[in-house]
Amino acid sequence: MFSQNGLSLDQAPPISVVFRFFLSGSLFGVLTGAFVLYFGSDIFNADSTKALIVTHTLTLGVMLSFMLGALFQMLPVIAGIKLTSPVKKANLVQYPLVLGILSLLSAFYSGEPALFISASLLLGVTILGIASIMLKNLLALPNHSNSSKGMTIALGSLILLTLFALYLTGTLSGFFEGTFYGQIKTAHYSFGLFGWIALLIISISFQVIEMFYVTPPYPDFIGKSLPMRLFGLLLIGLVFGFFFANIWRIVDLFIIVFMLCYALMTLRRLSQRKRPIADATVWLWRLGMVLLVLSMAAMLTTRFYTLPPLNSLNYIFFAGFALSIVFAMFYKIVPFLTWFHLNAQGYFTAPMMHEVIHPKTAMKHLYIHLATLTAFLVSVYYAPVIYLAGSLLILSFGWMLWQIVHAWKLYIHTQKTGEKFEMTMPEVEG
Amino acid sequence: MPEPTKIFLDARELEHPAPLERAIAAIRELGNGNYFYMIHRKNPIPLIELAKEQGFTVFSKEDSDGIWHVLITRDKSLTLEALCNV
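Here the structure is a predicted model, which means the values were calculated and not measured.

Engineer: Go over the overall build of chain B with me, naming the residues and quoting the values.
Structural biologist: Of regular secondary structure, chain B possesses 3 helices and 4 strands. Overall, chain B shows an N-to-C arrangement of helices and strands of β-α-β-α-β-β-α. Computed over its C-alpha atoms, the radius of gyration of chain B comes to 12 Å, within 12% of the 12 Å expected for a compact globule of 86 residues. On the principal axes, the C-alpha backbone points of chain B span a range of 35 × 25 × 20 Å.

This is the structure:
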């Protein structure tokens, strides 16, 4: 959460700005689990509407919510950017975002053109609006760190993938003919998975791994150049994809190599920590990187062999990678923000970070997450286990929901009943 | 006048957010005639702002190895710059 210098009090967004996105992200997580229970193992059929619904609940509802919350928190920290009127901006983003996601999911389910149009308007205006504001602030920075540079590119990808999505929903609602539907769809998910989700995680890790976990810095070929090269590859795929569909096969191979280099280097850096003790967040980062390696290995194999379960495994590995990092960040951000804001307000009786979320509570969530992933993997081969996987997913996000409510209650309780720090200076003798 | 008491914290290898949490706990115990001295791998802006906000005097300086020396006191009679080992 801190850059070279850290979060200053006048730049820190109100705690409610971050918590509200984490809250809606967790609720969408519970909804994802409910969809898994309702649709069963049909979600593994990549061409089905059910897969589309679960994927977008996860990527838009869960990940985008958590990532927007984290960006509101981290932009002041990593890039020294102070977003003006953060509460107003958060409200203007969150409500249309939630409505837009629900509208899109309903549109996928019913195929109703009007729902596609309302989803396009709500999501298009909201995502393009907030991403443009954040991007504009980042572009105005005189000096960039590897993190802020990566975030800039990730936000650029978010804007592009949203524009592609508008073309796709425009086609589904009958607005466009959809001449380039296939090409744009490939670009949409490629920019979504690698240009946005993976790249944002990578950019944040440049800061977080080195600073939170006190490791040596990433080498330049990753820290300085990977984000731009990754984005360049995606642009090559986008442009040449209109003429040669096979270009993505080559682009994907390079992406796999980049992702493997990054994941293996991050695992190495985590092994070079100065403290031998690992808490749940360290294990979640390690798990996330192992899942990214497995995802890339599965993706590589599918380029040479047609093995249907591999696509499902790849889906689970990649989602597991992204969620592991989201959970790791969650357990760092929520206790810290609660403690930090109460201390900044001068509360002597502010709870310590481990009292906001106890490390054992985070560890229990790690076990639930591991059990969830295992259940999903088993369900690829033995379908009935999907119901256990869906239930565990609900438990996993319900667990997070409870942590947010608990932290918020502690925050309010301390504000109402807490003792303020003695501000008056004692008289100095002599 | 007796030598002021130094309360020392080497936070260079502590993982975030332990340096901030320990420093805040330490400075709350400060009184007259003592000061908090922390060495850290970065200049801890949140700690400095929190301390200033709560009426402490703060001084921080980076040494030639890139290590930050942060001194905090409530005792207005102490000159932190003179107590800094940089």
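Engineer: I'd like a rundown of the overall build of chain A, residues and numbers included.
Structural biologist: When you go through chain A residue by residue, the secondary structure sums to 14 helices and 0 strands. Going residue by residue from the N terminus, the α and β elements of chain A occur as α-α-α-α-α-α-α-α-α-α-α-α-α-α. Taken over C-alpha atoms, the radius of gyration comes to 22 Å for chain A, in line with the 22 Å a tight globule of 430 residues would show. Overall size of chain A, expressed as C-alpha extent along the three principal axes, is 85 × 45 × 45 Å.

Engineer: Could you give an account of the pairing of strand 1 (residues 5–10) of chain B, naming the residues involved and the relevant values?
Structural biologist: All names here are of chain B. The buried fraction of strand 1 is low, at 0 of 6 residues. Sheet analysis places strand 1 next to strand 2 (residues 34–40), joined by 6 bridges and oriented parallel. Counterpart to Leu9 in the pairing with strand 2 is Met38. Once you follow strand 1 into helix 1 (residues 18–28) and on to strand 2, the crossover reads as right-handed.

Engineer: So, the sheet that holds strand 3 (residues 57–62) of chain B: which residues are in play, and what are the values?
Structural biologist: Residue and element names in this part refer to chain B. Across the sheet, which stays open at both edges, the 4 strands sit in the order 1-2-4-3 with mixed pairing between neighbours. Single-partner strands in this sheet number two, and they are strand 1 and strand 3. Going across the sheet, the axis of each strand differs from the next one's by a mean of 15°, ignoring polarity. Of the strand pairs in this sheet, strand 3 and strand 4 (residues 68–73) are connected by 6 bridges, and their pairing is antiparallel. The partner of Thr57 across the bridge, within strand 4, is Thr73. Contacting strand 1, strand 2 and strand 4, helix 1 runs over the sheet at an angle of about 170° to strand 2. The strands that helix 2 (residues 45–53) touches are strand 3 and strand 4; relative to strand 3, the one it contacts most, it runs at about 160°.

Engineer: Can you explain helix 1 (residues 15–39) of chain A? Please cite residues and give values.
Structural biologist: With 25 residues, helix 1 of chain A extends 36 Å from end C-alpha to end C-alpha; this agrees with the ideal 36 Å at 1.5 Å per step. Positive backbone phi, at 65°, marks Gly40 of chain A, one or two positions downstream of helix 1 of chain A.

Engineer: Lay out unusual backbone geometry with the relevant residues and their values.
Structural biologist: Apart from glycine, the bulk of residues carry a negative phi angle, and the bulk of peptide bonds sit in the trans form. Here the residue pair His16 of chain B and Pro17 of chain B is connected by a cis peptide bond, since its omega of 5° sits within 30 degrees of zero. In this fold, Pro17 of chain B is placed in the loop between strand 1 and helix 1. Here the phi dihedral of Ser85 of chain A falls at roughly 45°; this positive angle occurs in a residue that is not glycine. Of note, Val214 of chain A is a non-glycine position whose phi angle comes to about 45°, a positive value. For Val214 of chain A, the position within the fold is in the loop between helix 6 (181–212) and helix 7 (220–223). Judged by C-beta crowding, with 17 C-beta atoms within 10 Å, Val214 of chain A ranks as partly exposed.

Here is what the cut-offs are and how they apply
- Residues numbered from 1 in each chain as written.
- Chains lettered and ligands numbered in written order.
- Predicted model: local features only at pLDDT ≥ 70, side-chain atom pairs only at ≥ 80, totals over all residues.
- Helix = DSSP H or I, 4+ residues; strand = E, 2+ residues; numbered from the N terminus.
- Rg over C-alpha atoms; globule rule 2.2 N^0.38 Å.
- Buried ≥ 20, exposed ≤ 12 C-beta atoms within 10 Å, placed from the backbone.
- Pairing = 2+ DSSP bridges.
- Right-handed = clockwise from strand over helix to strand, strands pointing away.
- Axes fitted to C-alpha atoms, helices over the stretch in contact; angles between N-to-C directions.
- Contact = placed C-beta atoms within 7 Å.
- Expected span 1.5 Å × (residues − 1).

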